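Residue-level listing of the chains:
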Amino acid sequence: MRNFEYYAPTKVVFGKDTHLQAGRLCRSFGASKVCVHYGSSRTVKSGLLNEVCKSLEAEGLSYVTLGGVVPNPRLSKVYEGIELCRRENVDFLLAVGGGSVIDSCKAIAYGIANPDIDVWKYYEKTETPKACAPVGAVLTIAAAGSEMSNSSVITNENGWLKRGYRNDLCRCKFAVMNPKLTYTLPAYQTESGCVDILMHTMERYFVNIETMEITDSISEVLMQTVIYNARILLKEPSNYNARAEVMWAGSLSHNDLTGCGTAGGDWACHQLEHELGGMFDVAHGAGLSALWGSWARYVYKENPERFAQFATNVFDIPFEGNYEKTALAGIEAMEDFFRSVKMPTSLSELGLTLTDEQIHCLAFKCSFEDTRTIGVFKQLNLKDMEKIYQAAR
């Protein structure tokens, strides 16, 4: 058993109508002027933004609003937010949305707390922030888990580089989770979110070291729960219990609980998908499902026993003495699940037809211009990355 540290300081307020407590929560964490950051016009049209702002007014808090966050959130919007917050003397960021909005909020929070440093340098990992303004979240999409994680992912339009940064300073002070706020999501977005939740656990699960039985069990049950409820939501988008299960699973999958004793996890699929998202602006979960099977088949022989355990404990595939056969059956079962919820299992199904030149460009960027490897289950260099992208076509 390996040593580990677990830190999850975010206060969670879960259930129906909990978004009406946003103002009280901001006040309780010392806010005096809030920037309410959100994404699409749906937040306005649904009345959610108005209800959140009224909760701020009820607590005597002044606020400004900034909308327009898009999937794969842009650095230009972050810069706009930093300028707005400095001009308006904002001291608290409130994200009303999903992972993209929360990630954008975290980046703005870094920027206003460290005025002498270009925030992008943190994502390039050439600088380290000394502080971060406080952030809270009203979650409207179950997917990224950013509401309880220490990570943020931003896309720089200059070169279309999608980069992530992890630091405990940016963890949300609170996360409000009302499953009813996810009812109106399109099916594609709901299922893409379910894939993202699964992958946050799978990235931590597929390691080549001895793990803790309790952590494995938590991970396996979490994956089964998401798979079961993702299928329900395809047919019953307003099923409160299914929405609630998926929303809570999204937070648990990325608050490091499923990484206890795994030394952090693999993360190769996420790194590979970040380049797809940066270059082609695809939905993150869909990009992950399009790549995962090709990655799994490329690496599983490094430890077929681990993949066989996944097959047996997550998909109830009987083990009949052949680890490789069982491992492959588990990979196929996961791809069958992706198909069952209308998620792609190849880049062509994602709508991409990549040239050899584009594949090389993706791998070149992912390898940081051939200066790094990714993954721990099997370390992947630039050539390995190219082969996975090619297999995923």
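What comes next is a walk through the structure.

Turning to the packing of helix H8 (residues 213-235) against helix H12 (residues 304-315), a few remarks are in order. Relative orientation of the contacting elements H8 and H12 amounts to 55 degrees, with a least axis distance of 9 Å. One finds that H8 runs oblique with respect to H12. Classified by chirality, the crossing of H12 by H8 is right-handed. On the side of H8, the interface is formed by Asp 216, Glu 220, Met 223, Gln 224 and Ile 227, while H12 contributes Arg 306, Gln 309, Phe 310, Asn 313, Val 314 and Phe 315. Broken down by class, the residue content of the contact of H8 with H12 amounts to 5 nonpolar, 3 polar and 3 charged.

The next thing to look at is the pairing of strand E5 (residues 135-139). Within E5, 5 of the 5 residues are buried, which leaves it mostly tucked inside the rest of the structure. Here E5 shows two buried faces, one formed by Val 135, Ala 137 and Leu 139 and the other by Gly 136 and Val 138. Bridge count for strand E4 (residues 92-97) against E5 is 5 bridges, and the pairing is parallel. Its bridge partner lying in E5, Leu 94 is registered against Gly 136.

Moving on to the pattern of salt bridges. Working definition: two side chains of opposite charge can pair if their charged atoms are close together. Tallied over the full model, the rule gives 16 salt bridges. Of the charged contacts in the structure, one is a salt bridge between Lys 77 and Glu 80, with a shortest N-O distance of 3.1 Å. A residue pair is termed a helical-turn pair when its members lie 3 or 4 positions apart in one helix, as Lys 77 and Glu 80 do in helix H4 (residues 75-87) at 3 residues. Glu 80 sits in the partly exposed class, given a relative accessible area of 38%. Residue Asp 336 is joined to Arg 339 by a salt bridge in which the shortest nitrogen-to-oxygen separation is 2.9 Å.

Below, the discussion takes up the nonpolar core. Within the largest apolar cluster, 101 residues are counted, with the highest numbers of intra-cluster contacts made by Leu 93, Trp 292, Trp 295, Phe 307 and Phe 310. Each residue touching Leu 93, except ones within four places of it in the same chain, is listed here: Cys 35, Cys 85, Cys 105, Ile 108, Ala 109, Ile 112, Ala 133, Pro 134, Val 135 and Gly 136.

Basis of the calculations
Residues numbered from 1 in each chain as written. Predicted model: local features only at pLDDT ≥ 70, side-chain atom pairs only at ≥ 80, totals over all residues. Heavy atoms only, no water. Axes fitted to C-alpha atoms, helices over the stretch in contact; angles between N-to-C directions. Helix = DSSP H or I, 4+ residues; strand = E, 2+ residues; numbered from the N terminus. Parallel < 35°, antiparallel > 145°, perpendicular 65-115°, else oblique. Left-handed = near helix turned anticlockwise from the far one by under 90°. Contact = heavy atoms within 4.5 Å. Nonpolar A, V, L, I, M, F, W, Y, C, P; charged D, E, K, R; others polar. Buried < 20%, exposed > 50% of the residue type's maximum accessible area, 1.4 Å probe, protein only. Pairing = 2+ DSSP bridges. Salt bridge = Lys/Arg side-chain N within 4 Å of Asp/Glu carboxyl O. Core = buried A, V, L, I, M, F, W, Y, C linked by side-chain atoms within 4.5 Å.

As far as function goes, none of this settles anything; it's purely spatial.
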